[in-house]
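Survey of secondary and tertiary structure
Here is what each chain is made of, one letter per residue.
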Amino acid sequence: MADLTPGIISRTTGTDLVKRGLADMLKGGVIMDVVDPAQAKIAEDAGAVAVMALERVPSDIRRDGGVARMSDPEMIQGIQEVVSIPVMAKARIGHIAEAQILQALQVDYIDESEVLTPADEAHHIDKWAFDVPFVCGATNLGEALRRISEGACMIRSKGEAGTGNVVEAVRHLRSILGDIRKITTADQAELFDWAKRLQAPLPLVQEIAETGTLPVPMFCAGGIATPADASLVMQLGAQAVFVGSGIFKSSDPALMAKAIVEATANYLDPDILAKVSRGLGDAMPGLEIGTLETKLSERGW
Amino acid sequence: MALPRIGVLALQGAVDLHIHALERLGVESVEVRRTEDLARVDGLVLPGGESSTISKLLVINELFEPLAERLNEGMPAFGTCAGMIMLASEILDGRDDQLSFGAIDISVRRNAFGRQIDSFETDLSVIGLPESPVHAVFIRAPVVERVGPGVEILAAVEEGRPVACRQGNVLVTSFHPELSPDLRLHELFIKGMAG
């Protein structure tokens, strides 16, 4: 071996940099909802950067009703065994114990998710207390900043999960990124008013004014069903996409998964988008937002 | 001498962080997604990300062969984390279909430190950067398990396992210099581009 100086001073885990850093590494990728090891394998084969393990995809949760909870640890471990990419899992909003269980299972990211039935109607999880990083949904900038102040290391715009309808995702992305753009042109006095109106901590608002971006990566979820949808939200400013029901409720999941991966990586290239959009079979059946009995995106405070 | 123009492989991963790092050094950078982008660069950064995804996208975008050719011809390259895996001659614990360029003669084990909960920060002594340790961020990081002749080990973790190596003008790290404000490894790469 060469002359090297092994110079470890100390090794620190669970830091902000380490937790946000994994989100940075997922940028430009597709995170896919999977309900069993076979689906996880299909997702990894297609080029997913991570999988989200859950009991039922959002469209089935919507159809079945009842209380949606954290997945069975056995199922999560089954998925961890078959793939080498990061495995995420969902905890109910405010459900500290579910999050503790997911951390004990060593999932790579915990999604404190409105897709599951909330466990607390006022409080989200104190995410600073965990070494495993959290992603949280947001419909607007205030919600995003409240989640970041609670320790979220990645934000995903919520969209409306399980609908195959991208319109809500677009609305939420435009709201969050539009307000960020406005804040960058506000003067110091106006920032106080922004913090008040957003119900968000002033230091985070001031940080956005200075940097022009959220302090954590910003991904998009909820309603993405085609390669073109993925390109759309990336063009609007999402840094990666979550696809839930859109893959495994389509007629050819492996093909759809691969096409969405290619479209996300090449979101600015219409020639590639045209090529990968051909012959995919049926996308998942979509729902009109006005007909929904439950809007999942309204969960979260 | 004019500053080189550096490409950043922009198929997936923390592309923006490397571009910011290069910007702060005053170096012009180009996002590389297609073969024609390659013609415009003097060297390439392969960023952190998901190596199995990047491998697939290299094939899909028909970039693997032309990039392999450029690397064979001696194009300087800097790979961090997934980028190190891509540049290695052998991948351990990779997917069966996962490709690498063999631009540096090392065997790299993927996810060698465990899952995200085991990701860590530490201070490392790096050969060639004597002023102070480098603050290194390891995220689901790989480690080097074998180095071939001609490969220089620049840093190792306490078990003596190499986490930064160099062979000619190819530099690799298990960790992510792009996540820290310390730009010395990027500088080391640019200085070493002449070989």
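Preceding this paragraph is the structure being described.
Now for a description of the structure that goes with this document. Predicted model only: the values in this text are computed from it and were never measured.

Reading the values: rules and limits
- Here the residue index of a chain counts from 1 through its sequence in written order.
- Note on labels: chains are lettered from A, ligands numbered from 1, in written order.
- For a predicted model such as this one, the threshold for reporting local features is a pLDDT of at least 70, and the threshold for listing and counting side-chain atom pairs is 80 or more; totals across whole chains, interfaces and linings nevertheless cover every residue.
- Side-chain measures were taken over the full set of non-hydrogen atoms in the model, leaving aside hydrogen atoms and water.
- Secondary structure elements are defined from DSSP: runs of H or I of at least 4 residues count as helices, runs of E of at least 2 residues count as strands, and each element is numbered from the N terminus.
- Within these notes, the globule rule equals 2.2 Å times the number of residues to the 0.38 power, and the radius of gyration is based on C-alpha atoms.
- Categorising residues by exposure relies on relative accessible area from a 1.4 Å probe, with only protein chains included: less than 20% of the type maximum marks a residue as buried, more than 50% marks it as exposed, and the intermediate range marks it as partly exposed.
- The criterion used for residue contact is that any of the two residues' heavy atoms lie within 4.5 Å.
- All accessible-area figures derive from a Shrake-Rupley calculation using a 1.4 Å probe, and residue coverage is judged against the displayed protein chains alone.
- Two residue types count as positive, namely Lys and Arg, and two as negative, namely Asp and Glu; His and chain ends fall outside the count.
- Charged side chains are reduced to one point each, which is NZ for Lys, CZ for Arg, CG for Asp and CD for Glu.
- By definition, two strands form a pair when at least two bridges between them are found by DSSP.
- With axes taken as lines fitted to C-alpha atoms, and helix axes fitted only over the stretch in contact, angles between N-to-C directions fall between 0 and 180 degrees.

For chain A, the count of helices and strands is 13 helices and nine strands. Expected size for 301 residues packed as a compact globule is a radius of gyration near 19 Å; at 19 Å, chain A falls within 12% of this value. For chain A, the spread of C-alpha atoms along the principal axes amounts to about 60 × 55 × 45 Å. A buried classification covers 61% of the 301 residues belonging to chain A. Across chain A, every contact between residues at least 6 apart in sequence was considered, and the portion connecting residues at least 24 apart equals 66%. For chain A, the accessible area works out to roughly 11500 Å², and carbon and sulfur atoms hold 51% of it. Within chain A, one finds 28 positive and 41 negative side-chain charges whose respective centroids are separated by 3 Å.

Moving on to the pairing of strand S7 (residues 120–124) of chain B. Of all five residues making up S7 of chain B, four are buried, and the element is well covered by its neighbours. Inspection of the sheet shows strand S1 (residues 11–13) of chain A paired to S7 of chain B by three bridges, in the antiparallel sense. Its bridge partner being in S7 of chain B, Thr13 of chain A is matched across the sheet by Phe120 of chain B. Examined bridge by bridge, S7 of chain B and strand S8 (residues 134–138) of chain B share five bridges and lie antiparallel to one another. Across the sheet, Glu121 of chain B pairs through a bridge with Val137 of chain B, a residue of S8 of chain B.

This part takes up the sheet that holds strand S10 (residues 152–156) of chain B. Sheet strands line up and pair through hydrogen bonds in the backbone, either parallel or antiparallel. Residue and element names in this part refer to chain B. Pairing is mixed across the open sheet formed by seven strands, whose spatial order is S2-S1-S3-S4-S12-S11-S10. Looking along the sheet, the strands with just one partner apiece sit at the ends: strand S2 (29–32) and S10. Going from strand to strand, the sheet's axes swing by 15° on average, the running direction of each strand aside.

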